[in-house]
Amino acid sequence: MKADQEQSAKPILKGVNLVLKTGEIHAIMGPNGTGKSTLAETIMGNPTYQVTQGDILLNGESILSMPVDERARKGLFLAMQYPAEIRGVTNAEFLRTAINARRPDDERLSITDFLQELNKNLDLLEMDQAMIERYLNEGFSGGEKKRNEILQLLMIKPEFAILDEIDSGLDIDALKIVARGVNSMRGSGFGSLIITHYQRLLDYIVPDTVHIMIDGKISQTGGPELAAQLEKEGYKDLETAAK
Ligand SMILES: Nc1ncnc2c1ncn2[C@@H]1O[C@H](COP(=O)(O)OP(=O)(O)OP(=O)(O)O)[C@@H](O)[C@H]1O
Ligand SMILES: [Mg+2]
């Protein structure tokens, strides 16, 4: 797949070919500005980016012409690097709307079931009840926003989740809690693409596959040992080799 930034027509992704299966967790690492978030946003359908070549298939079906909400209904989820603040919509309202938007009318989640599931997940993520009556992300600390993205993940239960730097700004306890949340989703019906800069997250969420993205392309793919190698050696050699 290739993708440009729409207004400036700047090519950002220069040929990305990835196959992600449910049941698997893949990690993408790479230097700043290399196109990781662009890849995440493009898969999710952010109209800022234009796909100029290639396709994006979900369960064999092209999702390229689908708007974001339709992609979400098909089972895609994106935890954004910089989660948006939405004034006037409480966290609880947002969650219920997002869950029900993916269900047929006769399978709407009852308030009781919703609250039961919510309380279970708040406990798992060690989140304060008060967070759910606050406006979505408004005034949340950086770490609270990240934890809240994982609450959304656990409540919405997508088939496939892209998690963009869910570890950034987290203290060490919060990192373990967020990892616990993601690991609780693991299973044959769930797949994930985790974008991170640090091996530390991958010590807690052990990926099946690690990809390195350099300058809009996947330059190397391997197992978790690739992340350990990066931690030691950085990107210098890889960047030189990619030129
Ligand atoms: N809307 C945009 N307009 C102009 N340039 C953009 C836009 N979005 C992304 N870019 C550029 O594309 C490149 C890739 O950005 P992207 O956010 O995907 O990087 P990243 O790999 O996620 O980096 P980081 O590790 O810092 O989060 C950067 O040079 C960025 O400035
Ligand atoms: Mg990014």
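Refer to the preceding data block for the structure.
Since this is a predicted model, take the numbers as computed values, not measurements. (Residues numbered from 1 in each chain as written. Chains lettered and ligands numbered in written order. Predicted model: local features only at pLDDT ≥ 70, side-chain atom pairs only at ≥ 80, totals over all residues. Heavy atoms only, no water.)

Draft legend 1. Region of the structure containing the coordination of the magnesium ion (ligand 2). For the magnesium ion (ligand 2), the full set of protein donor atoms is Ser37 (OG) and Gln81 (OE1), and the range of their distances to it is 2.0 to 2.1 Å. Here the residue Ser37 occupies a position in helix H1 (residues 36-44), and Gln81 occupies one in the loop between strand E7 (76-79) and strand E8 (86-90), the gap between them amounting to 44 residues. Owing to a relative accessible area of 23%, Ser37 belongs among the partly exposed residues under this scheme. The buried category is assigned to Gln81, whose relative accessible area is 17%. (Donors = N, O, S within 2.8 Å, 3.2 Å for Na, K, Ca; no water. Helix = DSSP H or I, 4+ residues; strand = E, 2+ residues; numbered from the N terminus. Buried < 20%, exposed > 50% of the residue type's maximum accessible area, 1.4 Å probe, protein only.)

Draft legend 2. Inspection of the site of ligand 1 at higher detail. Taken together, the neighbourhood of ligand 1 is formed by 16 residues, with Gly33, Lys36, Thr38, Tyr49 and His197 sitting nearest. Within the backbone of Ser37, an N or O atom sits 2.9 Å from an oxygen atom of ligand 1. At a separation of 2.8 Å, an oxygen atom of ligand 1 approaches a polar side-chain atom of His197. Mapped by element, the contributors of at least two residues to the shell around ligand 1 are strand E2 (10-14) and H1. Tallied by class, the residues present in the shell around ligand 1 amount to three nonpolar, 10 polar and three charged. (Near = heavy atom within 4 Å. Polar contact = N/O pair within 3.5 Å; in protein donor to acceptor, adjacent residues only side chain to side chain. Nonpolar A, V, L, I, M, F, W, Y, C, P; charged D, E, K, R; others polar.)

Draft legend 3. Here's a closer look at unusual backbone geometry. Of note in the backbone geometry, Asn59 takes a positive phi value of approximately 50° without being a glycine. Of note, Glu126 is a non-glycine position whose phi angle comes to about 50°, a positive value. Relative to the assigned elements, Glu126 resides in the loop between helix H4 (111-124) and strand E9 (135-136). Given the relative accessible area of 48%, Glu126 is considered partly exposed.

Draft legend 4. Geometry of the side chain of Thr209. Mapping Thr209 onto the fold places it in strand E12 (residues 209-214). The residues touching Thr209, leaving out its near neighbours within four places in the chain, are Ile25, His26, Ala27, Thr221 and Gly222. (Contact = heavy atoms within 4.5 Å.)

None of this, on its own, says anything about what the molecule does.
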